[in-house]
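Summary of structural features
These are the residues of each chain, in order.
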Amino acid sequence: MAFPSNMTRSERDPKVLRSGPSSLSSSDRLARNLGWFSIGLGIVEFIAAEKVTGALGMRGKENLVRAYGIREIASGVMTLSVDKRAGLNSRIAGDALDIATLATAIRPENPKRDNAVLAMLMVAGVTLLDFVATGAHTVRHIRHSGERRSYSDRSGFAEGVEASRATARKKLGDLRTSSVNEGPPTKRRPVAPIVSESRRQVAPAPGHP
């Protein structure tokens, strides 16, 4: 991650040597993966609506599938944004719509009924993940009224205070060693200041005012 970060920085900005551990929790990673999955599914539903309806035995509902695709893309974008909770809630609501729509395809006269049942089971599994991600995200990011976060266990140094002190001592020792090896500085003779002709003052001759 250091290389793409350095590409976006200007020449005067400090360079990123290495990236530290990620601050994302397992719930944040799950929400991010669900967001990308939602965007990918929405693109498929919007572009290949005819193939989706043909595989499920739902011919004539192409526009409905495209609308569901747009909904999936919007939910995915919100899930990837800062307000993940709104995106996850919209995904749960969308899952309920998907299950209700697939239920209409589970009828005896539908030759693709097995595909519709399989799709419903897959949607039910994704819905379970949405509930898990929503609950975990709510528990992790909830803040009670009057509660303040404590950062007393943080030093502000990436590798800790002791490691930073050791690095400073090493650099100071290197500076002292280099100064000893170079020897005392040579003294230079002072240079007399140069006075321009216009600023020279000539003493008046005796008897002249």
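Residues numbered from 1 in each chain as written. Predicted model: local features only at pLDDT ≥ 70, side-chain atom pairs only at ≥ 80, totals over all residues. Heavy atoms only, no water.

Below, the discussion takes up helix α4 (residues 62-80). The terminal C-alpha atoms of α4 lie 27 Å apart, and with 19 residues this matches the ideal 27 Å at 1.5 Å per residue to within 8%. The inward-facing, buried residues of α4 abut α2 (26-47), α3 (49-56) and α5 (84-103). (Helix = DSSP H or I, 4+ residues; strand = E, 2+ residues; numbered from the N terminus. Expected span 1.5 Å × (residues − 1). Contact = heavy atoms within 4.5 Å.)

This part takes up α3. Turning to α3, its buried residues number three or more, namely A49, T53, G54 and L56. Following α3 by one or two positions, G57 has its phi on the positive side, about 70°. (Buried < 20%, exposed > 50% of the residue type's maximum accessible area, 1.4 Å probe, protein only.)

Attention now moves to the packing of α3 against α4. At a minimum axis separation of 9 Å, α3 and α4 run at an interaxial angle of 115°. Crossing geometry of α3 relative to α4 is assigned as right-handed. For the pair α3 and α4, contact is made by A49, E50, V52 and T53 and by E62, V65 and R66, respectively. (Axes fitted to C-alpha atoms, helices over the stretch in contact; angles between N-to-C directions. Left-handed = near helix turned anticlockwise from the far one by under 90°.)

Turning our eyes to something else, we now look at the side chain of R91. Structurally, R91 can be placed in helix α5. In this structure the side chain of R91 is engaged in a polar contact, spanning 3.3 Å, whose partner is the side chain of S38. Among all residues touching R91, those that are not within four sequence positions of it are L34, F37, S38, E72, S75, T79, V126 and D130. (Polar contact = N/O pair within 3.5 Å; in protein donor to acceptor, adjacent residues only side chain to side chain.)

Turning to the nonpolar core, a few remarks are in order. Counting residues in hydrophobic clusters, the biggest one holds 8 residues: L56, M58, L102, A105, A116, A119, M120 and V123. Among the elements that take part in this core, helix α6 (residues 113-141) stands out by supplying 4 residues, more than any other. If we skip the residues at most four places from it in the chain, L56 touches L102, A105, N110, K112, N115, A116 and A119. (Core = buried A, V, L, I, M, F, W, Y, C linked by side-chain atoms within 4.5 Å.)

Turning our eyes to something else, we now look at the environment of R113. Within the fold, R113 resides in helix α6. Distance in space between the C-alpha atoms of R113 and M58 is 9.9 Å, their sequence separation being 55 residues.

Right, let's talk about a nonpolar patch on the surface for a bit. Among the surface-exposed residues, I43, F46, I47 and I70 lie close enough to one another that they form a single nonpolar patch of about 400 Å² accessible area. At 3 residues, α2 tops the list of elements feeding residues into the nonpolar patch. Looking at the element boundaries, F46 is found in helix α2. (Patch = residues over 30% accessible without salt bridge, like charges linked within 9 Å, V, L, I, M, F, W, Y side chains within 5 Å. Areas by Shrake-Rupley, 256 points an atom, 1.4 Å probe, with all protein chains shown as cover. Salt bridge = Lys/Arg side-chain N within 4 Å of Asp/Glu carboxyl O.)

The subject of this paragraph is the pattern of salt bridges. Per the counting criterion, the structure on display carries 6 salt bridges. D130 is the salt-bridge partner of R91, the closest N and O atoms lying 2.9 Å from each other. Within this pair, whereas R91 is found in helix α5, its partner D130 is found in helix α6, the two being separated by 39 residues in sequence. Residue class for R91 comes out buried when judged on its relative accessible area of 3%.

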